[in-house]
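Here's the letter readout for the chains.
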Amino acid sequence: MSFHPQQIAGKNAEKTKAHNRRVVLGYLQTRDSGRAEIAKAAGLSTQTVSNLMAELETEGLVLRTGRRAAARGQPPVVYTFNPAGAAALGFEVRPDMLTMVLTDLGGTALTSQHIRLPQTDPEFVLAQMAALARQAAANSPIARILGAGLVIPGPFGVEGLSAAGATTLPGWDPATLPTRAEAALGLPVHIDKDATAAALAEGMSGAAQGLPTYAFLYFGSGLGLGIVAQGQPLRGAFGNAGEVGHVIIHPNGRACDCGNHGCLEQYVSRLSVQRHLIAKGHLTPDTSGTDATLLRLLADQNPYLTEWLETAAEALSRAIGMLENLFDPQSTVLGGALPDALIDALIARLNLPSGSVASRADRTTPRVQRGTSGRFTAALGAAALVIHNTVTPRLDAHRMETPHAPD
Ligand SMILES: [Zn+2]
């Protein structure tokens, strides 16, 4: 099975109209404009733009800000994008955690929440999501919710990797998930991989803001990679690009749940630090996973945590060197579900290869940096999928209404 990104060029009138709406909203997001100016910039007829503006104004997605002075005749009405015109929900499901954010159309969080998941059966989790959505909607200052983004760990639909143990979600079939999620939430649902969504969020308002090309290493339970190249997320043919956690970094190394040995996420992930501390008999499975515990061990310069940091930094340095040579990013950003201080400690221990295309004297951005979107980054990215699908014609999310539809 595969994802079928919505075609940008509409195949019928409905799609063309949806596309034109995104073009107009995307344009207004960057500057306030009159109808004639929008028509010219978007290559649309003034009549088409007038019809769209009337519709968008009724929906509250654009506002009139006044009239612009004109040399002669009636001065044109000036419109502005209204971030408070609607809201978007973002959900991240991890094997142990469900995170929800509600944002306005500017990507600003209105409310956020995360709950521990005692089990990951899709029916159970979808019911929890629906309850959180109802609660968020009831307390939202913005009445209209356009849709929901749902991000889960990859990979999608791959024999051999899908059931790769503790960092994946067994039973979450991406072919049936959109229909089930839409039924549970009563909203259109956009699905993507957690790392890709997190990368988009970091580009929208975090450390990668203003960078067209960057790599984002995402600490979920495992380790994911989101690549944004020239402003576009790189998803691959089946939505599985960036499965960096299962890149072999130490041949004949530690056994991985995927069946290989020496996979990167066996050394660099939240799960790997937990496993390391438990294996050393230092902590119990109950206490090793919390941020407070990790931060205390870091502050105490605990030798077992230091041991993990050194092993992780060595594997990560190799992996980052590889990513740089493969994708030539302006910067590699690290973020997600590890405490900031632990990510900083990891970055401080990196020994990046000098033989890399990223070793350059004229660099203006750090080669590696910590993200600033915090632990809600993937959920914010999930909401960003809805926003992108509403206002940005070039950044369509996977809209899987018909997962098995032919290309
Ligand atoms: Zn593996």
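Residues numbered from 1 in each chain as written. Predicted model: local features only at pLDDT ≥ 70, side-chain atom pairs only at ≥ 80, totals over all residues. Heavy atoms only, no water.

Asks: Help me understand the pattern of salt bridges in this model?
Replies: Any two side chains of opposite charge can pair, given that their charged atoms come close. Summed over all chains, the structure comprises 20 salt bridges. Put simply, glutamate 57 and arginine 64 hold a salt bridge, and the shortest N to O gap is 2.6 Å. Arginine 375 is the partner of aspartate 291 in a salt bridge, and the nearest nitrogen-oxygen pair spans 2.5 Å. Taken together, the positions of aspartate 291 in helix 8 (residues 291–299) and arginine 375 in the loop between strand 12 (368–370) and helix 11 (377–391) put the pair 84 residues apart, joining distant regions of the chain. Since its relative accessible area comes to 22%, aspartate 291 is described here as partly exposed. Several salt bridges share partner residues, and in doing so they unite Lys17, Arg21, Glu55, Glu59 and Arg144 into one network. (Salt bridge = Lys/Arg side-chain N within 4 Å of Asp/Glu carboxyl O. Helix = DSSP H or I, 4+ residues; strand = E, 2+ residues; numbered from the N terminus. Buried < 20%, exposed > 50% of the residue type's maximum accessible area, 1.4 Å probe, protein only.)

Asks: Even after reading the chapter, I still don't get empty space enclosed by the protein, so can you show me in this structure?
Replies: The gaps left among the atoms become clear once a water-sized probe is rolled over them. As enumerated under the stated definition, the model contains four cavities of 30 Å³ or more in all. Taken as a whole, the largest cavity encloses approximately 140 Å³ of empty space. A domain split of the lining of the largest cavity shows at least three residues from each of domain 2 (86–197 + 378–391) and domain 3 (210–372). (1 Å grid on protein atoms, 1.4 Å probe; cavity = no way out; pocket = protein on both sides within 12 Å on 5 of 7 lines; lining within 4 Å. Points joined across faces, edges and corners; volume = space filled by probe spheres on them. Domains from an automatic or database assignment.)

Asks: Can you help me understand unusual backbone geometry in this one?
Replies: Among all residues except glycine, the phi angle is most often negative; among peptide bonds, the trans geometry is most common. Phi at glutamine 230 is positive, roughly 50°, even though this residue is not glycine. Within the secondary structure layout, glutamine 230 lies in the loop between strand 9 (223–229) and strand 10 (232–233). Exposure remark for glutamine 230: the relative accessible area of 60% places this residue in the exposed category. We note that glutamine 301 has phi near 50°; this positive angle belongs to a residue other than glycine. With respect to the secondary-structure elements, glutamine 301 resides in the loop between helix 8 and helix 9 (303–327).

Asks: I tried to follow the sheet that holds strand 4 (residues 97–104) on my own but got confused; where do I start?
Replies: Strands pair in a sheet through their backbones, by hydrogen bonds, and they do so in one of two ways: parallel or antiparallel. The strand order 5-4-3-6-7 describes an open sheet built from five strands, whose pairing is mixed. Lying at the two open borders of the sheet, with one neighbouring strand each, are strand 5 (109–116) and strand 7 (189–193). Neighbour-to-neighbour, the strand axes of this sheet turn through a mean angle of 15°, independent of strand direction. Here strand 6 (residues 145–152) runs beside strand 7; their pairing, made up of five bridges, is parallel. Bridge pairing links isoleucine 152 to lysine 193 in strand 7. Contacting strand 3 (87–94), strand 4, strand 5 and strand 6, helix 4 (residues 122–139) crosses the sheet at an angle of about 30° to strand 4. (Pairing = 2+ DSSP bridges. Axes fitted to C-alpha atoms, helices over the stretch in contact; angles between N-to-C directions. Contact = heavy atoms within 4.5 Å.)

Asks: Help me out: how do you make sense of the nonpolar core in this one?
Replies: Generally speaking, soluble globular proteins have nonpolar side chains that are buried together. Ranked by size, the top nonpolar core spans 35 residues in total, and within it Leu217, Val268, Trp308 and Leu346 carry the most contacts. Looking at this core, the elements that each hand over two or more residues are strand 8 (214–219), strand 9, helix 7 (270–279), helix 8, helix 9 and helix 10 (340–348). At 10 residues, the largest contribution of residues to this core is made by helix 9. Contact partners of leucine 346, with chain neighbours within four places excluded, come to Phe219, Val268, Trp308, Leu309, Ala312, Ala313 and Leu316. Ranked by size, the runner-up nonpolar core spans 29 residues in total, among them Ala87, Leu89, Ala133 and Leu177. (Core = buried A, V, L, I, M, F, W, Y, C linked by side-chain atoms within 4.5 Å.)

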